[in-house]
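Coordinate inspection notes
Single-letter residue listing:
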Amino acid sequence: PATVLSIAPSSGDTTGSSLVSVTGVGFDADGARWIRCKFSSSAIGDVVAQGSAMTSSLILCITPSVGAQGLAAVEVSGNGVDYTASSVQFMYTDPISLLSVYPSVLLSGAASTVTITGKGFRASDLACCAIGQMRARADWVSSTRVQCSISKETPGNVTLDVSNNGQGFSVNSLRIQYVDKSGFIAQIDPRIGAVHGGTRVTVLLRGAAV
C-alpha cells in the first residue's frame, strides 16, 4: 500500500493555495489524473484537493482553503476512494497580519535590520520577508514580532510582506523607504528637550526624496 512519509512545507494559511510536496512510497505515477490529497481534522472534516504524481515517491498538492486553524492529517489516493492511513500532520494557521515596521526609512546600499510587528508569526526555517521582488530570512522573536536583515541598492519605496512558509504571505503590506547615501540631516528642530523624553522633533533631510 502507498504510504506518506513526510510533507513540506508542513504548515500554511487557512486561505489555502500552498504547494505541498508529499514524499512517500508506492504512489501511482501513471494515474496522475486520479490523484487526490485529503486534509482531515475534527474541525474541518475531510477537504479534498486534486494532486499530481511526479514520481512513485513524490506527489504535489495545492492546499484547499478551510474554515478553521489547527492540525490536519494529510492522506493521498490514487483512485479517489482508497486513501493512505499515515496521519502525517499539516498545520493550518490564520494568515499573517502586519502592523508596523521599524525603522521604516533606510539607507540605500546598506544592510539594515528591521523589526516587524503583527499577528500570526510562527517559528519556521522557511519564514521569510519579501522586500519588493527580493527575499530575506525572517528571524522569529514571538508570535507578534519578527526581524529581517534587508537591503536595496537604489533609493525609492518598496513593499514589505512576511511569510511563515515561503509561499503564503501576509494579508497586508507595509512600506519601507530607501533614501540616497548622500542624504544627511540638514536641520533638527528643536535641538533641546527634557531628559525624560517626550519631545516631538522634526528632522529635515537633504538629498532624499521624503
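Before reading further, recall that the structure is shown in the block above.
Since this is a predicted model, take the numbers as computed values, not measurements.

Once that is clear, we can look at the packing of aromatic side chains. Enumeration over the complete set of coordinates arrives at 3 aromatic pairs. Ring plane angle 75° and centroid distance 5.1 Å describe the contact between F90 and Y92, whose orientation is recorded as edge-to-face. Judged by its relative accessible area of 0%, F90 falls in the buried class. Members of the aromatic cluster, connected to one another through ring pairs, are F39, F90 and Y92. It is K38 that lies over the ring of Y83; its NZ or CZ is 4.3 Å from the centre.

Taking strand neighbours across the sheet as the criterion, the 8 strands line up as 9-11-14-13-12-15-16-10 in an open arrangement whose pairing is mixed. Here the strands that pair on one side only, and so sit at the sheet edges, are strand 9 (97-102) and strand 10 (105-107). Going across the sheet, the axis of each strand differs from the next one's by a mean of 35°, ignoring polarity. Strand direction decides the pairing type here: strand 12 (residues 128-131) and strand 13 (residues 134-142), joined by 4 bridges, are antiparallel.

Take the environment of I44 next. Positionally, I44 belongs in the loop between strand 4 (36-41) and strand 5 (45-55). Separated by 28 residues in sequence, I44 and A72 have C-alpha atoms that sit 8.2 Å apart. When residues no more than four places from it in sequence are discounted, the contact partners of I44 are F39, V66, G67, A68, A72 and Y92.

What counts and how
- Throughout, residues of each chain are indexed from 1 in the direction in which the sequence is written.
- Residue-level local features of this predicted model are given only where pLDDT is at least 70; pairs of side-chain atoms are given and counted only at 80 or more, and the full residue set underlies all totals for whole chains, interfaces and linings.
- To obtain the side-chain values, all non-hydrogen atoms of the structure were included, while hydrogens and water were left out.
- Any two of the Phe, Tyr and Trp rings considered here, Trp counted by its six-membered ring, make a pair once their centres fall within 6.5 Å; the pair's planes then place it as stacked at under 30 degrees, edge-to-face at over 60, or tilted in between.
- Residue burial is assigned from relative accessible area. The probe radius is 1.4 Å, only protein chains are included, and a residue is buried under 20% of its type maximum, exposed over 50%, and partly exposed in between.
- Criterion for a charge above a ring: Lys NZ or Arg CZ within 6 Å of the ring centre, and within 35 degrees of the ring normal.
- For two strands to pair, DSSP has to find at least two bridges joining them.
- Labels follow the DSSP assignment, with helices taken as runs of H or I lasting at least four residues and strands as runs of E lasting at least two, numbered in each case from the N terminus.
- All axes here are fitted lines through C-alpha atoms, helices being fitted over the stretch that makes contact, and every angle between N-to-C directions spans 0 to 180 degrees.
- Every residue pair with non-hydrogen atoms within 4.5 Å of one another is taken to be in contact.

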